[in-house]
Each structure stands twice: as structure tokens, then as C-alpha cells.
Amino acid sequence: MGRSFANLHIKSKNLEKTVDALRELSEGHATVLGEPNNEAQEIKVVMYISKSNENWISVLHDYFVWGTVKEVGKTLSRLIEEPVMTAGYMNEELFELSFFENGEIRAEKIFCEQWMRDEYEQLKEERINDDYLRIALDIRNEDFDDFISITSPVQAVDKLSELVKMSLWSDSEWIPHEESLRKQFGKYEF
């Protein structure tokens, strides 16, 4: 068993607009975050938010895991007029990258070895759209071709982190244990 993480990233320069959309998500769509959807919410929703670089805002939450983060990204993309990227990484065997706009999946890529795809037949991309991925990630053609051909999840995360100039190696569970994440991410309660 290796390390696992899940996070989401909004392609935006506007932190305030992103925080407002996350507040709306927490208050009006709490079920996608594993919370009951009621008006008198007793427990505050805690998210960790970072303006990772000039193009991306990263979000961590304890309900984000491979299998849940995509639904959150899809819902958030309806609330914000920006592309939302979700990343789910499981046990060094799988890295799933998905993009949403206006509540619709626009592109997806699953990085894993062929044996993993053979073993788990449901490991199929919902929508393969390499052109969208390249443009959304703002990656040069030659770099993108190298990136998209990677089958190792670890190498794919490392390469994408390098190309978009932000680390994807982050999860809300790691914050208490990693000082660099505590410094990078601010805690928000909604």
C-alpha cells in the first residue's frame, strides 16, 4: 500500500471569487462533501485553500478521496465560471485527472499500468479530450505528448506538477504532519 491523495484545483486568478463559490458549495450542496444538506448546519465545513500560483487555486478537504473528489469538482464547476480540475491518486497504482466546466466533464485521463486497467474493467476515461487537457493545462505540444504517454502514476503526478508549476502532492490528512503544507494552505470554515 502506498500513499493516496485527492484534491481539486480551480483555474482562476481570483481567490475571493473561489472562496465565495466554495462557501456556496458548502452551504447549498453539502451532500457532495459527505455532510447532511440542511439549513441549520451545526458543524462547520473546513477546507484548506492555497493560491498555488498565478493560474491555479488549490483546495483540500477531508472528504476528498479517489471516488468522491470528481463529484465535488463537477458540482463546483456549476457554481464558478472557471475550469475545475480534480486529481485522485490511489496507492501508487492510479492517478485520475478530470476537468469540469459548467457541471460537465470536459476531459479525463487515467494514468496507470496496463495490468491495472485489465484487472479493473471500470477504469475507463469518461471523456478523452487531449486537446482540451493541453489547452486547460497550458502545456506546449511537445511537453504534452511526453506527459500524456506516461503510464506510471508517480511519474505522471511529478511531471504534471512540474508542468503546471504547483505540487499536486497534497491532501488534507497530511496538513498536521507536513509543515510545508501548513504554510501553503490557509484554513477556511464555512
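Structural notes, computed from the coordinates. (Residues numbered from 1 in each chain as written. Predicted model: local features only at pLDDT ≥ 70, side-chain atom pairs only at ≥ 80, totals over all residues. Heavy atoms only, no water.)

1. Considerations on helix α2 (residues 69-79)
Within the span of α2, buried status applies to V69, K70, V72, G73, T75, L76 and S77. Taken together, the buried residues of α2 touch β1 (5-11), α1 (15-28), β4 (84-90), β5 (94-101) and β6 (104-111). (Buried < 20%, exposed > 50% of the residue type's maximum accessible area, 1.4 Å probe, protein only. Helix = DSSP H or I, 4+ residues; strand = E, 2+ residues; numbered from the N terminus. Contact = heavy atoms within 4.5 Å.)

2. Quick word on helix α4 (residues 130-137)
Residues spaced three or four apart along an α-helix face the same direction, because each turn holds 3.6 residues. Residues of α4 that are buried: Y132, L133, A136 and L137. Looking straight down α4, one finds that the buried residues subtend no more than 115 degrees of arc, so they occupy a single side. Opposite the buried face of α4, at more than 90 degrees from it, the exposed residues are D131 and I135. Once α4 finishes, D138 follows within two positions and takes phi at roughly 55 degrees, a positive value. (Arc of directions from axis to C-beta.)

3. Some thoughts on the packing of aromatic side chains
Per the counting criterion, the structure on display carries 10 aromatic pairs. Plain terms: the ring middles of F95 and F111 are 5.5 Å apart, the flat faces sit at 20 degrees to each other, and that makes the pair stacked. With a gap of 16 residues between them, F95 in strand β5 and F111 in strand β6 connect regions that are remote in the sequence. Aromatic side chains F111 and F147 sit 5.0 Å apart centroid to centroid with 45 degrees between the ring planes, which places their arrangement in the tilted category. Linking F111 in strand β6 with F147 in helix α5 (residues 141-148), this pair joins segments that are 36 residues apart in sequence. Judged by its relative accessible area of 0%, F111 falls in the buried class. Three or more aromatic residues joined by ring pairs make a cluster, and in this case those are F5, Y89, W169 and W174. Just above the ring of W174 sits the side chain of R3; from NZ or CZ to the centre is 3.7 Å. If you follow K109 out to its NZ or CZ, it ends over the ring of F111, 5.4 Å from the centre. (Phe/Tyr/Trp six-rings, centres within 6.5 Å; stacked < 30°, edge-to-face > 60°. Lys NZ or Arg CZ within 6 Å of the ring centre and 35° of its normal.)

Everything listed here is a matter of geometry and, on its own, says nothing about what the molecule does.
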